[in-house]
Amino acid sequence: MATERTFSIIKPDATRRNLTGAINAVIENSGLRIVAQKRLQLTRAQAEGFYAVHRERGFFGELVEFMISGPVVVQVLEGDNAVLAYRDIMGATNPANAAEGTIRKLFAESIEANSAHGSDSLENAAIEIAYFFAQTEIVG
Ligand code: RTP
Ligand code: MG
């Protein structure tokens, strides 16, 4: 198995409910390692840039408002097949469809306020990591 890095965001619905540690416990219990982490208030421009691929979707405006509604925690996770592994432990986008034990099943409030973001490909992981972290901030 290949060691990979993926990018994660603990979203504002989760930081608001003081769930950063609980989500990190799910991440660490899965075997993934948190090799970089910082808490940020995203600017509107940062959120719009991050979600630029969704610009044409009906939920884009609401998504940006949600993502700037409170602090987020941005993270780099490292481990075997980290991109797919983290998508698995996050669960489906809509918590109603998420499997038992996943972050979204355990914690998400709705399809939008769904507690976590994870990169959907190795290529996007590299782009998203570089959007928020300098190489010197990532310590494996
Ligand atoms: P993410 O990018 O956050 O890891 O989530 P994802 O791949 O599972 O979902 P994606 O389709 O990329 O959507 C990005 C985020 O937009 C919000 N969303 N709202 N109101 C809606 O119908 C709707 N659909 C998606 C969610 O916060 C989703 O995670
Ligand atoms: Mg996505």
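Source: prediction; values computed, not measured.

Calculation rules
- Residues numbered from 1 in each chain as written.
- Chains lettered and ligands numbered in written order.
- Predicted model: local features only at pLDDT ≥ 70, side-chain atom pairs only at ≥ 80, totals over all residues.
- Heavy atoms only, no water.
- Helix = DSSP H or I, 4+ residues; strand = E, 2+ residues; numbered from the N terminus.
- Buried < 20%, exposed > 50% of the residue type's maximum accessible area, 1.4 Å probe, protein only.
- UniProt positions renumbered as here; feature names shortened; annotations may be inferred.
- 1 Å grid on protein atoms, 1.4 Å probe; cavity = no way out; pocket = protein on both sides within 12 Å on 5 of 7 lines; lining within 4 Å.
- Near = heavy atom within 4 Å.
- Polar contact = N/O pair within 3.5 Å; in protein donor to acceptor, adjacent residues only side chain to side chain.
- Areas by Shrake-Rupley, 256 points an atom, 1.4 Å probe, with all protein chains shown as cover.
- Sits in = over half its atoms within 2 Å of the grid points.
- Core = buried A, V, L, I, M, F, W, Y, C linked by side-chain atoms within 4.5 Å.
- Contact = heavy atoms within 4.5 Å.
- Pairing = 2+ DSSP bridges.
- Axes fitted to C-alpha atoms, helices over the stretch in contact; angles between N-to-C directions.

1. Some thoughts on unusual backbone geometry
Despite not being glycine, Asn 18 shows a phi value in the positive range, around 65°. With respect to the element layout, Asn 18 can be found in the loop between helix H1 (12-16) and helix H2 (20-29). Residue Asn 18 is classed as exposed on the basis of its relative accessible area, which comes to 72%. The backbone of Ser 115 sits at a positive phi, close to 70°, despite the residue not being glycine. Its location among the elements puts Ser 115 in the loop between helix H6 (103-107) and strand E4 (116-118).

2. Details of the UniProt feature "binding site: ATP" (unreviewed entry) in the protein chain
UniProt's feature table lists "binding site: ATP" (unreviewed entry) at Lys 11, Phe 59, Arg 87, Thr 93, Arg 104 and Asn 114, given in the numbering used throughout. Lining the largest pocket, from the residues just named, are Lys 11, Phe 59, Arg 87, Thr 93, Arg 104 and Asn 114. Mapped onto the elements of the fold, Phe 59 is located in the loop between helix H3 (44-50) and helix H4 (60-67). Tracing the chain through its elements places Arg 104 in helix H6.

3. Structural notes on the site of ligand 1
The environment of ligand 1 is made up of 15 residues, and the closest members are Lys 11, Thr 93, Glu 112, Asn 114 and His 117. Side-chain polar atom of Arg 87 to an oxygen atom of ligand 1: 3.0 Å apart, as the coordinates give it. Here an oxygen atom of ligand 1 sits 2.4 Å away from a polar atom, N or O, in the side chain of Thr 93. Burial of ligand 1 by the protein chains amounts to 83% of its free accessible area of 560 Å². Judged by the proximity of its atoms to the pocket grid, ligand 1 belongs to the largest pocket. When residues of the shell around ligand 1 are assigned to their parent elements, the largest contribution, three residues, is made by E4.

4. Some points on the nonpolar core
Phe 7, Met 67 and Phe 133 are the most contacted members of the largest nonpolar core, which has 22 residues in total. For this core, the secondary structure elements donating two or more residues are strand E1 (3-10), strand E2 (33-40), H3, H4, strand E3 (72-80) and helix H7 (122-132). Broken down by element, the residue count for this core peaks at five residues, all from H4. Non-local contacts of Met 67, meaning those with residues more than four positions away in its chain, are made with Ile 9, Lys 11, Pro 12, Leu 42, Ala 47, Tyr 51 and Val 72. Of all hydrophobic cores here, the second largest spans 16 residues; its members include Leu 32, Ala 82, Tyr 86 and Phe 107.

5. Considering the environment of Ala 98
If you trace the backbone, Ala 98 turns up in the loop between helix H5 (82-90) and H6. Since its relative accessible area comes to 7%, Ala 98 is described here as buried. For the pair Ala 98 and Ala 108, spaced 10 residues apart in sequence, the C-alpha to C-alpha distance is 9.6 Å. Excluding residues that lie within four positions of it along the chain, Ala 98 makes contacts with Gly 91, Ala 92, Arg 104 and Lys 105.

6. Topic: the sheet that holds E4
Read across the sheet, four strands follow the order E2-E3-E1-E4 without closing on themselves; strand pairing throughout is antiparallel. At either end of the open sheet lies a strand with only one pairing partner, and these are E2 and E4. Here the average twist between neighbouring strands, direction ignored, is 20°. Across the face of the sheet, H5 comes into contact with E1, E3 and E4 while running at roughly 35° to E1.

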